[in-house]
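Structure at a glance
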Amino acid sequence: MKRVKAPGVAASLPLTGAGCIRHWILAVVLLAGGCSHREPVVTHGLSLLEVLPTISRGGDVYGAGSRHPLSLTREVVDGRAYWNASYTEQAGQEKKHVLRTVRIGPDGEESVLSSEPLDRLVFGSLWSGRLESYLRLSGRDPASVSRVDFNPSGAKGVVWFGNAEVEVTDDLLWDLSLPAFRKLAATADRIVIRDGGHDCCGAKIDEQPVLAELTDPSEISAFNAMLEFSVPENLCFCACCGHPGVDWWKDGKRIVLSSVHHGIGFRWSDFPCDVQFSPASARALAEWFEARGLGRHWKSEE
């Protein structure tokens, strides 16, 4: 807790004398005012990571029902956390664009505060996933987030931890995610290559056939050494789920789930977007798959 010194108080207070008690009471009151910014204690309510899926979701195959968050603000009342959420939505069978503000209660109950039609849908949902990545990669406590603004332009998201503001940009996420991937891959004790892709489109990744499995430390290290990435200048995502899937495991737990795209791209959910293999990396990996009779899987897609 930050301690705030009341200007001029300590220097003017007598340590003894008739006015001592009165003056020291005044000092306590003034000093206590400097602590009024303390975060209220939350005893009940949804965490940020529990609220995000509620206001950031896809709709049906035509987009109806999809929600795209714009901002989130936490309010604590008597130890109970409420979230005021603004988002755009495609509502109804006509898929009309609507701007809504709702209040989400401690148990997930929603009450609509306002609703108005929009001429077009504003997309901010990419930043919900990036915010989750930032919290994972930075080690910041989601419970300390008091407000989030999702920038629909894609330039940045802004997160408040109490009164401290952090701009979460793509550059920041690259700086965090690239070393994080290297670290996770280096600690893995198993690599599994699946006859499938990323965990999207309802894919049941744990039911997909295993094409190859590496457990020898030297083989894992050699495979990791082949991976060289180049960061795209503009954010881009392949529309397919990718093939094959490549996962890194540690002590029986999957620590990285990824997919290869068309033999040139690579997707990990904590990267801001798909990265590309360097030409030398793509050649080395293609040869590695071919040498193991898996060449047809390297550039396949699903």
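Residues numbered from 1 in each chain as written. Predicted model: local features only at pLDDT ≥ 70, side-chain atom pairs only at ≥ 80, totals over all residues. Heavy atoms only, no water.

**Topic: the overall build of the chain**
Helix and strand counts for the chain come out as eight helices and 14 strands. By residue count, 42% of the 302 residues in the chain fall in the buried class. Put simply, of all contacts in the chain between residues at least 6 apart along the chain, 57% involve residues at least 24 apart. (Helix = DSSP H or I, 4+ residues; strand = E, 2+ residues; numbered from the N terminus. Buried < 20%, exposed > 50% of the residue type's maximum accessible area, 1.4 Å probe, protein only. Contact = heavy atoms within 4.5 Å.)

**Points about the packing of aromatic side chains**
Inspection of every chain in the model, using the stated rule, returns 18 aromatic pairs. Measuring from centroid to centroid gives 4.9 Å for Phe289 and Trp298, while their planes differ by 40 degrees, and the two rings are tilted. Residue Trp298 is classed as buried on the basis of its relative accessible area, which comes to 3%. Members of the aromatic cluster, joined through ring pairs, are Trp174, Phe181, Phe223, Phe229, Trp248, Phe266, Trp268, Phe271, Phe277, Trp288, Phe289 and Trp298. (Phe/Tyr/Trp six-rings, centres within 6.5 Å; stacked < 30°, edge-to-face > 60°.)

**Quick look at unusual backbone geometry**
Each neighbour pair has its own omega, and for His243 with Pro244 the value is 0 degrees, a cis peptide bond. Assignment of secondary structure puts Pro244 in the loop between strand 10 (229–230) and strand 11 (245–250). A positive phi is found at His262, a non-glycine position, where the angle reads about 60 degrees. As for its placement among the helices and strands, His262 is situated in the loop between strand 12 (253–261) and strand 13 (265–268).

**Remarks on helix 6 (residues 217–225)**
For helix 6, the complete set of buried residues consists of Ile220, Phe223 and Asn224. Taken around the axis of helix 6, the buried residues stretch over an arc of 100 degrees, which confines them to a single face. When the buried face of helix 6 is taken as reference, the exposed residues oriented beyond 90 degrees from it are Ser218 and Ala225. In this structure, the buried residues of helix 6 make contact with helix 5 (170–187), strand 8 (190–194), strand 9 (210–214), strand 11 and helix 7 (279–291). (Arc of directions from axis to C-beta.)

**Side note on the sheet that holds strand 11**
Within the open sheet, the seven strands sit side by side as 9-8-11-12-13-14-10. Their pairing is antiparallel. Single-partner strands in this sheet number two, and they are strand 9 and strand 10. Here strand 10 runs beside strand 14 (residues 275–277); their pairing, made up of two bridges, is antiparallel. Across the sheet, Phe229 pairs through a bridge with Phe277, a residue of strand 14. Strand contacts of helix 6: strand 8, strand 9 and strand 11, with the helix running at about 60 degrees to strand 8, the strand carrying the most contacts. Against the sheet, helix 7 engages strand 8, strand 9 and strand 14, with an angle of about 65 degrees to strand 14. (Pairing = 2+ DSSP bridges. Axes fitted to C-alpha atoms, helices over the stretch in contact; angles between N-to-C directions.)

**Overview of the confidence of the model for the chain**
In regions of low pLDDT, the predicted coordinates are not meant to be interpreted in detail. Summary statistics for the chain give a mean pLDDT of 80 and a share of 75% for residues scoring 70 or more. Of all the helices and strands in the chain, helix 1 (residues 9–12) carries the lowest mean pLDDT, 39, while helix 6 carries the highest, 97. The low-confidence segment residues 1–15 (pLDDT under 50) makes 21 contacts with residues lying over four places distant or belonging to another chain. Overall, residues 22–37 carries pLDDT values under 50, and its contacts beyond four positions in sequence, including any with other chains, amount to 18 contacts. (pLDDT = per-residue confidence, 0-100.)

**What about the pairing of strand 7 (residues 164–169)?**
Of the strand pairs in this sheet, strand 6 (residues 156–161) and strand 7 are connected by six bridges, and their pairing is antiparallel. Note that in strand 7 the partner of Gly157 across the bridge is Val168. Where strand 6 folds back onto strand 7 in an antiparallel hairpin, the turn is made up of two residues, including Gly162, whose phi is positive at roughly 65 degrees.

**Regarding the pattern of salt bridges**
Under the criterion given, the structure shown has 10 salt bridges. We note a salt bridge from Asp170 to Arg130, for which the minimum N-O separation is 3.6 Å. Of this pair, Asp170 sits in helix 5 while Arg130 sits in helix 4 (residues 126–138), and the two are 40 residues apart along the sequence. No difference in accessibility class separates Asp170 from Arg130, as the two residues are buried. For Arg194, the salt bridge identified is with Asp247, shortest N-O distance 2.6 Å. With Arg194 in strand 8 and Asp247 in strand 11, the pair connects residues that are 53 residues apart, well separated along the chain. The pair formed by Arg194 and Asp247 is uniform in burial state, with each residue classed as buried. Here the salt bridges do not stand alone but share partners, grouping Arg194, Asp206, Asp247 and Arg254 into one network. (Salt bridge = Lys/Arg side-chain N within 4 Å of Asp/Glu carboxyl O.)

**Thoughts on the environment of Asp175**
Mapped onto the secondary structure, Asp175 falls in helix 5. A relative accessible area of 58% means that Asp175 is categorised as exposed. Taking the C-alpha atoms as reference points, Asp175 and Phe271, 96 residues apart in sequence, are found 9.9 Å from one another.

**Examining the sheet that holds strand 7**
Pairing between the strands of a sheet is mediated by backbone hydrogen bonds and can be parallel or antiparallel. Taken together, the seven strands give an open sheet; going across it, the order is 4-3-2-1-5-6-7, and neighbouring strands pair in antiparallel fashion. Every other strand in the sheet has two partners, leaving strand 4 (110–117) and strand 7 as the edge strands with one partner each. Sheet twist, expressed as the average angle between the axes of neighbouring strands with direction ignored, equals 20 degrees. The strands touched by helix 3 (residues 48–55) within the sheet are strand 1 (67–77), strand 2 (80–91), strand 3 (96–104), strand 4 and strand 5 (145–150), with strand 1 carrying the most contacts at an inclination of about 145 degrees.

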